[in-house]
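# Working through the structure, step by step
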Amino acid sequence: TDDKNGTVPTPLTNYLDTQYFGEITIGSPPQLFNVVFDTGSANLWVPSQSCSPFSTACFTHNRYDASQSRTYVENGTGFSIQYAAGNVRGFLSEDVVVVGGIPVVQVFAEAASLSAMPFIFAKFDGVLGMGYPNVAIDGITPVFDGIMSQHVLTEEVFSIYYSRDPKHSPGGELVLGGTDPDYYSGNFNYMDTKETGKWEVNMKGVSVGMEMMFCAEGCTAVIDSGSSYITGPASSVSALMKNIGAQLDESGYKVNCNTVKTLPSVTFHLGGQEYSLTWEDYILWQTQIEADVCTVTFRALDVPPPTGPMWILGANFIARYYTEFDRRNNRIGFATAV
Ligand SMILES: COCCCC[C@@](O)(c1ccccc1-c1ccccc1)[C@@H]1CCCN(C(=O)[C@H]2C[C@@H](N)[C@@H](O)C2)C1
């Protein structure tokens, strides 16, 4: 991979279009970890060597061993993070983290306990939050802020490409300091983030087919590279699922695979532009032995006001629209992914 603005792009792995992650190293000599680059959070954590052998989720992943690193600095402050599903508990440590070829001395969390659900299903080891400092737990300076303060980036931006087809390689790419023209076509359309210091924007509405059906009076859209799916208010998502004839079962909304090609586009009105997803973008078609399964990659999630009501645009959106996260201008840019 050639050099882009002083950094090396990080190729990402795409696991079944639902988990995207890439490699970083921590410590000297470097210890390898696969992490989700998550714009919806702002902390770095990886499983710890000191985690209990009974913590299956921890035991089946790469673990950081402080005793093997000559650049390790003890901290010991407690740490815990609660996700929509799952939680992580541990303690803080400091060491040299290398992301996209750039070293940064970083305070991160060693996870001593990981909830079995959902981390036993994780194909990655940890999470590297790419969010703003004000959402960082314990006020820890996030990795990207540590990199920006070194003034090695041509532009204070990072960009994410997620592939749509697990068979293509690479499954995605993170660029620090720029964008990668290999993965988008046309121009970027930009929109300012809300003043909250989060990767979220004002959305003007959500249409199904030609009809504006949701968020007509405006709402918030979070652009979240750490979410597999799109989430929306439960009332809106259930109305949308009813409209496309989807049934909710224990693992999400399903549609009959032979109706899929007739499904309407779902359009998100952001920054004066319309971003449409077709069935190819929002249906996960899994060929199984007995019958194919077609999962709708939308989930209901109610976030109470004042934060909500909100939609979270995750990997299935980013896979269609190559995304540039601009910390210099506090804006997000979308271009058509190729
Ligand atoms: C694109 O790749 C996405 C990675 C998968 C995310 C995820 O699907 C997952 C699946 C299996 C095992 C673990 C995790 C997982 C769990 C927690 C953190 C990171 C990954 C998450 C499942 C629960 C809801 N969800 C979030 O809240 C996410 C929302 C996001 N902002 C994070 O903070 C947590 C997404």
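Above this text you will find the structure in question.
Every chain begins its residue count from 1, and numbering advances along the sequence as written. Only residues with pLDDT of at least 70 get local features here, since the model is predicted, and only at 80 or more are side-chain atom pairs given and counted; chain-wide, interface and lining totals rely on the full set of residues. In computing side-chain values, all of the structure's heavy atoms are included and hydrogens and water are not.

### Some remarks on the site of the ligand
Using the following cut-off: Whether a residue is near a molecule or strand depends on its heavy atoms: if one lies within 4 Å, it is near. Nitrogen and oxygen atoms within 3.5 Å of one another constitute a polar contact, given that in protein one can donate a hydrogen and the other can accept it, and given that sequence-neighbouring residues count only through two side-chain atoms. Here, Shrake-Rupley sampling with a 1.4 Å probe gives the accessible areas, and only protein chains in the shown set may cover a residue. Segments assigned H or I by DSSP are reported as helices when at least four residues long, segments assigned E as strands when at least two residues long, and all are numbered from the N terminus. When residues are grouped by polarity, Ala, Val, Leu, Ile, Met, Phe, Trp, Tyr, Cys and Pro land in nonpolar, Asp, Glu, Lys and Arg in charged, and all others, Gly among them, in polar.
Tyr20, Asp38, Asp224, Ser225 and Ser228 are the nearest of the 21 residues found near the ligand. Asp224 places a polar side-chain atom, nitrogen or oxygen, 2.7 Å from a nitrogen atom of the ligand. Measuring from an oxygen atom of the ligand, one finds a side-chain N or O atom of Ser228 at 3.0 Å. For the ligand, whose accessible area on its own is 660 Å², the fraction buried by protein is 86%. Where the shell around the ligand is concerned, the elements lending two or more residues are β2 (19-26), β3 (31-38) and α2 (116-119). Its residues assigned to classes, the shell around the ligand comprises 12 nonpolar, seven polar and two charged.

### Notes on the sheet that holds strand β16 (residues 247-249)
Our working definition: Strand pairing is assigned whenever DSSP detects at least two bridges linking the two strands. Only the stretch in contact is used when fitting a helix axis, every axis being a line fitted to C-alpha atoms; angles between N-to-C directions are given from 0 to 180 degrees.
Strand order in the open sheet made by the four strands is β16-β17-β21-β20, with antiparallel pairing throughout. Looking at the sheet topology across the chains shown, the edges are occupied by β16 and β20 (283-286). Within this sheet the neighbouring strands show an average axis-to-axis angle of 40°, counted without direction.

### Focus: the environment of Tyr83
Our working definition: Any two residues whose heavy atoms approach within 4.5 Å are treated as being in contact.
With respect to the element layout, Tyr83 can be found in the loop between β5 (73-82) and β6 (87-99). Here Tyr83 is in contact with Trp45, Val88, Phe119 and Val127, once residues within four sequence places are set aside. Looking at Tyr83, its side chain comes within polar contact range of the side chain of Trp45, at 2.7 Å.

### Structural notes on the environment of Ala234
Definition in use: Here's how the labels work: a residue is buried when its accessible area is under 20% of the maximum for its type, exposed when over 50%, partly exposed in between, all with a 1.4 Å probe on protein chains only.
Mapped onto the elements of the fold, Ala234 is located in helix α4 (residues 234-244). Using a relative accessible area of 26% as the deciding quantity, one classes Ala234 as partly exposed. Sequence spacing of Ala234 and Asp302 is 68 residues, and the spatial spacing of their C-alpha atoms is 5.8 Å.

Distances and angles like these do not, on their own, reveal function.
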